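Each chain, letter by letter, is given below.
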Amino acid sequence: MSRPELADLVVGQQIGTHEVRLDRARLVRYAGASGDLNPIHWDEAFATRVGLPGVIAHGMLTMGAVVTSVVDWVGDPGAVLDYQTRFSAPVPVPAAGDVTVAVTATVGALEPADDEAAHGVARIDLLATCDGQRVLTKAQVRVRL
Amino acid sequence: MPLNAAYAGRQYAPDAPYVVGREKIREFADAVGSTHPAHHDVAHARGLGYPDVVAPPTFAVVIAQRTEAQLITDPDAGIDFSRVVHADERFTHHRPLVAGDRITTVLHVDRVIERSGLAMVTTRCELYALPAELPDDVAPVDVTSLTDHVATVTSTLAIRGADA
């Protein structure tokens, strides 16, 4: 697959959409893989007791899952220079079935290579929603191109 | 117990090294659903110029979380983990993190604020690869020997008040 070129991109251009489906098994798997064993991500009674609507996804699972399409698009995970987000709303995950986070990736800014920068940088902005509500804000990925 | 504002500005000593494993990268990539072959296939990663499989963009949280525990589990810091909500997170990669890296991390408490029932703590983890001559079974003593700066991980936790 050919790599994207900075010169071919324009600000506002959509580079892809994808869906992340989260169920309880996925949360347990992420808990084990990451070492984040906070019971709000797997114990309904605990989550409710501390005032949450129920079990919620790890913010870090959502953050890690929504960026995968950008890694595939850029073709090299080592090209991701910076990735940040704010967590604006929890993603409740039901006991049965799953929940979908819809992701849209758009070119947010372009910084061509110049005398000071040896390589160009594209900032990709991620819109992530669950049931129409934004779950991440200022989710930005800076990639080397 | 309220959040301890005196912790703002605190810097910890480098912690015991974390050795980045190939299988851990694969396991983490599977957990977040990252199927890019550079996380899984050594030959593919080498073809891109890396010595081994490359960590996903958020993998460093595994290392940072372990380092942040020095603060979170410190009773004097006053952080009630059952009331913690993650507010923001940022990864700055100074170079790609790959299997085989031996990482020691320096924890900084950048900010502690409390307003209207909500307390916020911002931490910064600076990840360094150990110099080849240092053993990876003990924490390095001299922070100035750490020159291979791999990543910066910044995280803000919000701690909800008892009635918030």
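Residues numbered from 1 in each chain as written. Chains lettered and ligands numbered in written order. Predicted model: local features only at pLDDT ≥ 70, side-chain atom pairs only at ≥ 80, totals over all residues. Heavy atoms only, no water.

Student: Got a minute to help me understand the interface of chain A and chain B in this structure?
Tutor: By convention, interface size is frequently given as the accessible area that disappears when the constituent parts associate. Residue-level contacts link 36 residues of chain A with 33 residues of chain B. Summed over both partners, the interface of chain A with chain B buries about 2,800 Å², with 55% contributed by carbon and sulfur atoms. Area buried by chain A at its contact with chain B is led by Ala33(A), Met60(A) and Pro77(A), which between them contribute 18% of it. There are one salt bridge connecting chain A and chain B. The partner of Arg90(B) in a salt bridge is Asp82(A), and the shortest N-O contact between them spans 3.0 Å. Looking at the side of chain A that touches chain B, the elements that each hand over two or more residues are α1 (24-34), α3 (59-66), α4 (68-74) and β2 (80-87) of chain A. For the side of chain A that touches chain B, the element with the highest residue contribution is β2(A), accounting for eight residues. Alignment of β2(A) against strand β2 (residues 84-93) of chain B, held across five bridges, turns out to be antiparallel. Bridge assignment links Asp82(A) to a residue of β2(B), and that residue is Thr92(B). (Contact = heavy atoms within 4.5 Å. Buried area = accessible area lost by both parts, 1.4 Å probe. Salt bridge = Lys/Arg side-chain N within 4 Å of Asp/Glu carboxyl O. Helix = DSSP H or I, 4+ residues; strand = E, 2+ residues; numbered from the N terminus. Pairing = 2+ DSSP bridges.)

Student: What am I meant to see in the nonpolar core here?
Tutor: Among the nonpolar cores identified, the biggest contains 82 residues, and Ile124(A) and Phe59(B) are the most heavily contacted of them. Ranked by the residues each element gives to this core, the list is headed by helix α3 (residues 60-72) of chain B, at seven residues. Other than its neighbours up to four places away in sequence, Phe59(B) contacts Tyr18(B), Val20(B), Lys24(B), Ile25(B), Phe28(B) and Leu97(B). Counting six residues, the second-largest nonpolar core is a separate cluster that includes Phe46(A), Ala47(A), Val50(A) and Leu52(A). (Core = buried A, V, L, I, M, F, W, Y, C linked by side-chain atoms within 4.5 Å. Buried < 20%, exposed > 50% of the residue type's maximum accessible area, 1.4 Å probe, protein only.)

Student: What's the story with unusual backbone geometry in this structure? I'm lost.
Tutor: All names here are of chain A. Phi is positive for Asp131, close to 50°, though the residue is something other than glycine. Relative to the elements of secondary structure, Asp131 occurs in the loop between β4 (121-130) and β5 (133-134). The exposed category is assigned to Asp131, whose relative accessible area is 76%. Of note, the phi angle at Lys138 is positive, near 50°, even though the residue is not glycine. Checked against the element boundaries, Lys138 lands in strand β6 (residues 136-144).

Student: Got a minute to help me understand the confidence of the model for chain B in this structure?
Tutor: A low pLDDT means the predicted coordinates there should not be read in detail. The share of residues in chain B with pLDDT of 70 or more is 98%, and the mean pLDDT across the chain is 94. Here the prediction assigns the complex a pTM of 0.96, and the interface score ipTM is 0.96. (pLDDT = per-residue confidence, 0-100.)

Student: What is the right way to look at the environment of Val135(A) in this model?
Tutor: All names here are of chain A. When you line up the elements, Val135 lands in the loop between β5 and β6. Residues Val135 and Phe46, 89 residues apart in the sequence, show an inter-C-alpha distance of 22 Å. For Val135, the residues in contact, after removing those within four places along its chain, are Thr62, Arg86, Phe87, Ser88, Ala89, Pro90, Val91, Val101, Ala128, Thr129 and Cys130.

Student: Is there a simple way to think about the packing of aromatic side chains in this case?
Tutor: Think of a pair of aromatic rings as described by two things: how far the centres are apart, and how the planes are tilted against each other in angle. For the structure shown, the criterion picks out two aromatic pairs over all chains. Between Phe28(B) and Phe59(B), the aromatic rings sit 5.4 Å apart at their centres with planes inclined by 80°, giving edge-to-face as the arrangement. Taken together, the residues Phe28(B) in helix α1 (residues 22-32) and Phe59(B) in the loop between α2 (42-47) and α3 connect sequence positions 31 residues apart. You'll find Phe28(B) and Phe59(B) in the same group, each marked buried. Among the aromatic side chains, those forming a connected cluster through ring pairs are Tyr30(A), Phe28(B) and Phe59(B). Its end group placed over the ring of Tyr7(B), Arg10(B) keeps NZ or CZ at 3.8 Å from the ring centre. (Phe/Tyr/Trp six-rings, centres within 6.5 Å; stacked < 30°, edge-to-face > 60°. Lys NZ or Arg CZ within 6 Å of the ring centre and 35° of its normal.)

Student: Got a minute to help me understand the pairing of strand β4 (residues 118-129) of chain B in this structure?
Tutor: Across a regular strand the side chains alternate sides, sitting on one face of the sheet and then on the other. Residue and element names in this part refer to chain B. Where burial is concerned, most of β4 is hidden: 10 out of the 12 residues are buried. In the sheet, β4 pairs with strand β5 (residues 148-160) via 12 bridges, with the strands oriented antiparallel. Considered in β5, the bridge of Thr123 is made with Ser155.

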